[in-house]
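# Secondary and tertiary structure notes
For reference, the chains in residue letters:
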Amino acid sequence: MTFEDFRLRYPHQRSDETVSSEIHVLSFCSLTRNLADFSFCHRCSAEEKEAVQQRILQAAKTLSALKDASYFPADTVSPVDLLLFGERFLSSYRLSGTETASGVLLSEDQRIALTLNREDHLSIRVLSPQEKGMAVWEIADQVDTYLQEKLGFAFHDKWGYLSPSLHRCGTGLHMVTLLNMPANALVAGRNAGDSAEAQIATLSSGLKLQYLSPGMLPRCPSGYITPAVAELMAPRIEDYPCQSLYPGSSEKTAAPQATLGFYRVLTAKHVPGIHDRVIAAQMDEAADALILREREARKILIERPEFLRDYVRRCLALIAQTHCLGLKEGLVCLSILRLAAETGHLKNCDKQQTDLLLYAMQRAHLALSPGVDPEDPFSLAEERAKRFRTVFEKAALV
Amino acid sequence: MPCDHCKKNKELKSYAEVKDGQIYRLSLCEECLALYLSKAPEFSRNAFSRTAAPKKAKVRREDSPTGLKATPEKEATSRPPDIPETCPDCETSWLQAKKGHPGCPSCFGVFDTLLRHAADSSVPDKARPPYAGRHPQSGSLHNDLRQELQEKRRRLRAVLEQEQYEEAARLRDAITALENTLSAIQPGEQP
């Protein structure tokens, strides 16, 4: 696969049409590892990093799941194109072209991605739009076991898998499940006191329920919200570094108000003293609880459809009439229209194209279109509005 | 002077431990020190009377004989005697390790106490529980040879530091042979 192929070919989407698959957007699991024979990345010389890269690539190419994989060195890809990996949830959005011997090895189906020489020597990420946390973790575990034998990862009986960052020492696990929960948000607004966050907190202390968040706050000088009443009707267009979506950004990199749309991100990271498999099982249990919650909320919405229909009309009007569409506006519209299509309130809506908008509405994907300036927020918002109009051109309320 | 634990007059060894940013000093006989370090349950660490080293009084500028601002010695920056200055593999200093910045896997062996303290201090009132996640599979020929290779590489670095070149040459040949064997066998092959 060339980089051009990767740019144009979106990852595989859900194929079954169940309600669960509509709510459960995707899952991914990351395992971070360091090679035992080398210093950690920040202490490695350029030659050592080259050697780490060569050894990992040699070992990975012998794995059947990665035999057709393509390697994209970070220094050969433009900074905007590097964002594509983050926007498709294939690697950390901190991927940078300035690091020596850093890059992403990507399987043909874009389900397995190995990120080399970032904070750690290796990050194994397995992603699936259909499978739950445990199934995704099991695949990551198999890749990890194979590479462990070939490469020998730094491991300590007391610390677990070693990392230059002490809080990452242990299993090196990070799991994410992305859920589309608009009904829960709309219904919960009327029944305060019983939040999804509180429900998740009772299941495990290692789980967190967050929102998608845009980019990195330190690089975003202007805000997301214009408080002046006179500007209430102005388009809410985010600054250009904030026009990509990332799951589970830490508090340091995302503003508290930067909580976008009705997509919810359920995350589980390494918890000392707990086995990976237990964390994966807790993750699935929590995801099931949230899916059930969303289903219940959808039942309530179906009983009072005028509430949902009003939202759908507003979304369709916004998409049809506006010249520029902000990231947050776009995400809210996408979430509600997906719900409307699922509950039969919207006709002439292509589900596949709707799903792909989640990727296509972000900065690097928008910049794939000719004439779009990735550094100009209005140019990006204009292209986003155009793409939404194309997908929902014929959509109408039933 | 008697041993701080058994109170017998013997040849004493001095031992210092950094905890909560303070240095605790002990004067122990050889047997008691060995027991202390082995963390034997019958000799709980609390049974030893640890005393914090007295803080040096701040010297006021006007009290200083030269009239210049005197900087009191920082107690927490003195290196405990059992901890080496740097990691032999990556040359990370003990002060970096104390701040929780290891440079290579070997640092976790060399500066275990310091790193553990740094990790625990980031989670107040909560000691880090022991690792309970998955372990790399052991028992395969590939893994066993890899462990042997790592051990030989460690020894090679040590003998080079001691300028024992004959031993180093022997180890280098053994490492080359092991590397060739490793590249010829498949992962998961049983011994």
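Residues numbered from 1 in each chain as written. Chains lettered and ligands numbered in written order. Predicted model: local features only at pLDDT ≥ 70, side-chain atom pairs only at ≥ 80, totals over all residues. Heavy atoms only, no water.

Next up on the list: the overall build of chain A. Across its full length, chain A holds 13 helices and 13 strands. Within chain A, buried positions represent 59% of all 398 residues. Of all intrachain contacts in chain A linking residues separated by at least 6 positions in sequence, the fraction that spans at least 24 positions is 77%. Approximately 15,900 Å² of chain A is accessible, and the part contributed by carbon and sulfur atoms is 54%. (Helix = DSSP H or I, 4+ residues; strand = E, 2+ residues; numbered from the N terminus. Buried < 20%, exposed > 50% of the residue type's maximum accessible area, 1.4 Å probe, protein only. Contact = heavy atoms within 4.5 Å. Areas by Shrake-Rupley, 256 points an atom, 1.4 Å probe, with all protein chains shown as cover.)

Now for the overall build of chain B. Looking only at helices and strands, one finds six helices and three strands in chain B. The linear arrangement of helices and strands in chain B, starting from the amino end, is β-β-α-β-α-α-α-α-α. Counting contacts in chain B only where the partners sit at least 6 residues apart, residues at least 24 apart contribute 39% of the total. Split by element, the accessible area of chain B, about 12,300 Å² in all, is 51% carbon and sulfur.

Let's shift gears to the interface of chain A and chain B. With 40 residues of chain A in contact, the opposing surface of chain B contributes 33 residues. Across the chain A/chain B interface, buried area totals approximately 3,100 Å², and carbon plus sulfur atoms make up 52% of it. Among the residues chain A hides against chain B, the three largest losses belong to Glu149(A), Trp159(A) and Leu166(A). Together they make up 25% of the total. Linking chain A with chain B are three salt bridges, by the criterion used here. Ionic pairing is found between Asp141(A) and Arg134(B), a salt bridge with its closest N-O pair at 2.6 Å. Connecting chain A to chain B are 11 residue pairs in polar contact (both at pLDDT 80 or more). Among the secondary structure elements, those contributing two or more residues to the side of chain A that touches chain B are α5 (133-151), β6 (155-156) and β7 (160-161) of chain A. In terms of residues, the side of chain A that touches chain B owes the most to one element, α5(A), which gives eight residues. Each residue belonging to the side of chain A that touches chain B can be placed in one class, and the counts come to 16 nonpolar, 13 polar and 11 charged. (Buried area = accessible area lost by both parts, 1.4 Å probe. Salt bridge = Lys/Arg side-chain N within 4 Å of Asp/Glu carboxyl O. Polar contact = N/O pair within 3.5 Å; in protein donor to acceptor, adjacent residues only side chain to side chain. Nonpolar A, V, L, I, M, F, W, Y, C, P; charged D, E, K, R; others polar.)

Time to look at unusual backbone geometry. Residue and element names in this part refer to chain A. Of note in the backbone geometry, Phe-89 takes a positive phi value of approximately 65 degrees without being a glycine. Structurally, the position occupied by Phe-89 is in the loop between α4 (79-87) and β3 (103-106). The phi angle at Asn-117 is positive, at roughly 55 degrees, despite the residue not being glycine. Tracing the backbone through its elements, the reader meets Asn-117 in the loop between β4 (112-116) and β5 (122-128).

On to the pattern of salt bridges. If charged atoms from side chains of opposite charge come close, those side chains can pair. Residues and elements named next belong to chain A. Overall, the coordinates contain 26 salt bridges over all chains when judged by the stated rule. For the salt bridge of Arg-338 with Asp-355, the shortest nitrogen-to-oxygen distance reads 3.3 Å. Of this pair, Arg-338 sits in helix α10 (residues 327-342) while Asp-355 sits in helix α11 (residues 351-360), placing them 17 residues apart in sequence. Summarising the burial analysis for this pair, Arg-338 and Asp-355 share the class buried.

The angle between the axes and the distance between the axes are what describe a pair of packed helices. Residue and element names in this part refer to chain A. At their nearest, the axes of helix α9 (residues 305-321) and α10 sit 9 Å apart, and the two run at 130 degrees to each other. Relative to α10, α9 is oriented oblique. Crossing geometry of α9 relative to α10 is assigned as left-handed. Seen from α9, the contacting residues are Leu-308, Tyr-311, Val-312, Cys-315, Leu-316, Leu-318 and Ile-319; seen from α10, they are Glu-329, Cys-333, Ile-336, Leu-337, Leu-339 and Ala-340. Considering only residue class, the contact of α9 with α10 consists of 12 nonpolar, no polar and one charged. (Axes fitted to C-alpha atoms, helices over the stretch in contact; angles between N-to-C directions. Parallel < 35°, antiparallel > 145°, perpendicular 65-115°, else oblique. Left-handed = near helix turned anticlockwise from the far one by under 90°.)

Right, let's talk about the confidence of the model for chain B for a bit. Residues and elements named next belong to chain B. The predicted model of chain B has a mean per-residue pLDDT of 70, with 62% of residues at 70 or higher. By mean pLDDT, the top-scoring element of chain B is helix α3 (residues 107-110) (88), and the lowest-scoring one is strand β3 (residues 51-52) (42). Contacts from residues 40-75, a stretch scored under 50 in pLDDT, to residues over four places away or in other chains number 42 contacts. Two summary scores accompany this predicted model of the complex, namely pTM at 0.74 and ipTM at 0.74. (pLDDT = per-residue confidence, 0-100.)

This part is about the nonpolar core. One broad trend across soluble globular proteins is that nonpolar side chains are buried collectively. Residues and elements named next belong to chain A. Residues Phe-6, Phe-85, Leu-178, Leu-346, Phe-388 and Phe-392 are the most contacted members of the largest nonpolar core, which totals 63 residues. Composition of this core by domain shows at least three residues from each of domain 1 (3-171) and domain 2 (182-264 + 296-397). The residues contacting Leu-178, other than those within four sequence positions of it, are Ile-23, His-24, Val-25, Leu-26, Phe-89, Leu-212, Tyr-263, Arg-264, Val-265 and Leu-358. Core analysis: the second largest hydrophobic core is formed by 50 residues, Ala-59, Met-181, Val-271 and Met-283 among them. (Core = buried A, V, L, I, M, F, W, Y, C linked by side-chain atoms within 4.5 Å. Domains from an automatic or database assignment.)

Let us now look at the confidence of the model for chain A. In the predicted model, chain A carries a mean pLDDT of 83, and the fraction of residues at 70 or more is 85%. When the criterion is pLDDT under 50, residues 216-232 of chain A qualifies, and its contacts beyond four places in sequence or with other chains add up to 24 contacts.

This part covers the packing of helix α8 (residues 276-303) of chain A against α9(A). Residue and element names in this part refer to chain A. Two elements in contact, α8 and α9, have axes whose closest approach is 5 Å; the angle formed by their N-to-C orientations is 95 degrees. Here α8 is positioned roughly perpendicular relative to α9, judged by the angle of their axes. Mapping the contact onto sequence places Leu-301, Ile-302 and Glu-303 in α8 and Pro-305, Phe-307 and Leu-308 in α9. Considering only residue class, the contact of α8 with α9 consists of five nonpolar, no polar and one charged.

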